[in-house]
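# Commentary on secondary and tertiary structure
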Amino acid sequence: MPEIEPFGAEFFGSGGYGRWLALAEQVLAEAPRAQAYSGATPESLAELLDGEICPERGIGMAALRQRLASITANSIQPWHPRTAAHLHTPVLLPALAAEAVLAALNQSMDSFDQAPAASVLEQKVLHWLCRLAGLPQAAGGTFTAGGTQSNYMGLLLARDHFLKREMGWDAREMGLPPDAGRMRFLCSEVAHFSVEKSAIQLGLGLRAVVKVPCDDGFRMRTEALRATIAALRAEGLWPAVVVATAGTTDFGSIDPLAEIAGIAKDEGLWLHVDAAYGGALLLTQKHAGRLAGVERADSVTMDFHKAFFQPISCSAFLLADERRFETIRVYADYLNTESREAEGIPDLVTRSVLTTRRFDALKLWVSLQVLGRARFGAMVEKLVMLAESAADWIDAHPALELLARPEFGAVVFRFRAGMNEEIPRVLFEQGRAVIGHTVVRGAPCMKLTLCNPVTEPADLHELLCAIVQCGEALTAAASVAD
Ligand SMILES: Cc1ncc(COP(=O)(O)O)c(C=O)c1O
């Protein structure tokens, strides 16, 4: 048997962090900055990363540094001004420090005896978020892995609440009733696909999701919402939830929350507001009013790994009446007992769909502490300004067509001559830019999603010039080929 190298302080223990953090710092300092992406293809990456996954003997620091460098060199650079495809933010540096601290501490939020200060701080951050959204005193929440999970939780609790209220049916105990398939979730035609994903996972199927048409600004039409509810009822179906989006993924558009809240109340529907993206506007004085009505929601999704500039993952699910977590409450003898909870020991596992859970609240708290509301808000306002500037430029350019005025940081447009799928692909393969593409009412379009508050309008105008040039070159090449 070959001798095993010793292990100890080098790999474990609070004294040894520095060496590894220094390695991380070196690798990051050496990461390429010139391009948004290297342009590497899946095949070339598979070849590059073709080493042994688990060598018999571990490699040293120098070799590790080299291997990590091949990853960073072929990663999307989220801080690059030409990275503008998705809700994919550059990371606030104080949050990065917090990420290292929370990973090192490795507190697990499922019990107080694994996360004492973390449990208390998380609750304080959540209560602050509930106040930011204007939710009632009785509100509470939980941190989640992302908007998808937060939306899922909203629909899960809404489903069970509906069954209890309308039919006296206890889904926690009994599962779903035989005619649960009549339940319907309403959302706009451009709501996030996690609504559909949730309906599948909640045992209701895709048919449970009913899309309500939007106006020209891609906001839910409220008269269409009323008509849809009435039509569903006439068919003997059960409209149970309306999901309003504050900041749609493609357009940043904000559904008319106050009007939708009124309809939800009149019709006895649960209102879930997906503010995964637009929730950041609440930090601004200038634009917070666009979310008026969110305070009347039954539940809210807010993502911090989008326009709050946090490292993935960092999101929250907020519930207007925290007693409604009751429907997912389960006790485990090894973790939490009712008697400990009655003593006032925080018992956060009962309000999450997860058990082991990260202390992501630390990142957000550190960021809020370091920046303060005013500077944080100014960063978010900058995203709105950048989108407006890009939209003006597009509007004024004869080769481009703007699909809607942006309400937040997303701008959807098309190259009038076509090539709207090809341009993003070619720019990506050349490593020149990472821009988005989407399909709007059947037509391929391009999209800029602006998440970088350090980008300047001039950077965007250069990017848009590169997009037009690429479109012209592709059109010329296609006409030669014809
Ligand atoms: C409006 C909206 N809701 C939900 C989500 C899902 O969030 P996540 O990717 O964090 O699961 C997204 C993602 O882009 C989104 O834009």
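Residues numbered from 1 in each chain as written. Predicted model: local features only at pLDDT ≥ 70, side-chain atom pairs only at ≥ 80, totals over all residues.

### Here's the deal with the nonpolar core
- One finds Phe185, Val241, Val242, Ile260, Leu271, Leu318 and Ala387 to be the most contacted residues of the largest nonpolar core, which totals 124 residues.
- Counting residues per element, this core draws most heavily on helix 12 (residues 361-396), which supplies 13 residues.
- Two domains each provide a minimum of three residues to this core, namely domain 1 (18-52 + 77-91 + 373-482) and domain 2 (107-359). (Core = buried A, V, L, I, M, F, W, Y, C linked by C-beta atoms within 7 Å. Buried ≥ 20, exposed ≤ 12 C-beta atoms within 10 Å, placed from the backbone. Helix = DSSP H or I, 4+ residues; strand = E, 2+ residues; numbered from the N terminus. Domains from an automatic or database assignment.)

### Remarks on the site of the ligand
- As a matter of local geometry, the ligand sits amid 16 residues, with Gly146, Gly147, Thr148, Thr249 and Ala276 nearest to it.
- With three residues, the top contributor of residues to the shell around the ligand is helix 6 (residues 147-167).
- Per-class residue counts for the shell around the ligand are three nonpolar, 11 polar and two charged. (Near = placed C-beta within 6 Å. Nonpolar A, V, L, I, M, F, W, Y, C, P; charged D, E, K, R; others polar.)

### Examining unusual backbone geometry
- Geometrically, the link from Ile312 to Ser313 is a cis peptide bond, its omega value of 0 degrees lying close to zero.
- In this fold, Ser313 is placed in the loop between strand 7 (299-303) and strand 8 (315-319).
- Look at Asn106: it is not a glycine, yet its phi comes out positive at around 50 degrees.
- Positionally, Asn106 belongs in the loop between helix 4 (93-105) and helix 5 (116-132).
- You can call Asn106 exposed: it has 11 C-beta atoms within 10 Å.
- The backbone phi angle of Arg441 is positive, close to 45 degrees, even though this residue is not glycine.
- Residue position: Arg441 is located in the loop between strand 11 (434-440) and strand 12 (443-449).
- By the C-beta count within 10 Å, which is 8 here, Arg441 ends up exposed.

### So, the domain arrangement of the protein chain
- On domain assignment, one finds that the protein chain holds domain 1 (18-52 + 77-91 + 373-482) and domain 2 (107-359).
- Each of domain 1 and domain 2 was reduced to a C-alpha centroid, and the two centroids are 30 Å apart.
- Taken together, the contact pairs 23 residues of domain 1 with 25 residues of domain 2.
- Among the elements of the structure, helix 12 and strand 10 (410-415) are those that each provide at least two residues to the side of domain 1 that touches domain 2.
- Ranked by residue count, the leading element in the side of domain 1 that touches domain 2 is helix 12, at eight residues. (Contact = placed C-beta atoms within 7 Å.)

### A look at the sheet that holds strand 5 (residues 238-245)
- The strand order 2-8-7-6-5-3-4 describes an open sheet built from seven strands, whose pairing is mixed. A strand with exactly one partner marks an edge of an open sheet, and here the two such strands are strand 2 (140-144) and strand 4 (209-212). Taken over all neighbouring pairs, the strand axes of this sheet differ in orientation by 20 degrees on average, direction set aside.
- Of the pairings in the sheet, the one linking strand 3 (residues 183-188) to strand 5 comprises five bridges and is parallel in character. Across the sheet, Met183 pairs through a bridge with Trp238, a residue of strand 5. (Pairing = 2+ DSSP bridges. Axes fitted to C-alpha atoms, helices over the stretch in contact; angles between N-to-C directions.)

### Considerations on the packing of helix 13 (residues 422-429) against helix 14 (residues 457-481)
- For the pair helix 13 and helix 14, the least separation of the axes is 10 Å and the interaxial angle reads 110 degrees. Our classification of the angle between helix 13 and helix 14 gives roughly perpendicular. Judged by residue contacts, Glu422, Ile423, Val426 and Leu427 of helix 13 engage Ala466, Ile467, Cys470, Gly471 and Leu474 from helix 14.
- Among the residues making up the contact of helix 13 with helix 14, the classes are represented as seven nonpolar, one polar and one charged. (Parallel < 35°, antiparallel > 145°, perpendicular 65-115°, else oblique.)

### What about the pairing of strand 12?
- Sheet topology places strand 10 next to strand 12; four bridges connect them, and they run antiparallel. Note that in strand 12 the partner of Ala410 across the bridge is Thr449.
- As judged from the five bridges shared by strand 11 and strand 12, these two strands associate in the antiparallel manner. The residue bridging His437 from the neighbouring strand is Met446, located in strand 12.

### Details of the environment of Ile435
- On the secondary structure map, Ile435 appears in strand 11.
- By C-beta crowding, Ile435 is classed as buried, having 25 other C-beta atoms within 10 Å.
- The spatial distance from the C-alpha of Ile435 to the C-alpha of Val366 is 30 Å, given a sequence separation of 69 residues.
- Those residues in contact with Ile435, other than ones at most four positions away along the chain, are Ala84, Ala85, Pro424, Leu427, Met446, Lys447, Leu448 and Ile467.

### Considering the confidence of the model for the protein chain
- Looking at the protein chain as a whole, the pLDDT averages 96, with 100% of positions reaching at least 70.
- Across the protein chain, strand 6 (residues 270-274) holds the top mean pLDDT of 99, while helix 11 (residues 338-342) sits lowest at 83. (pLDDT = per-residue confidence, 0-100.)

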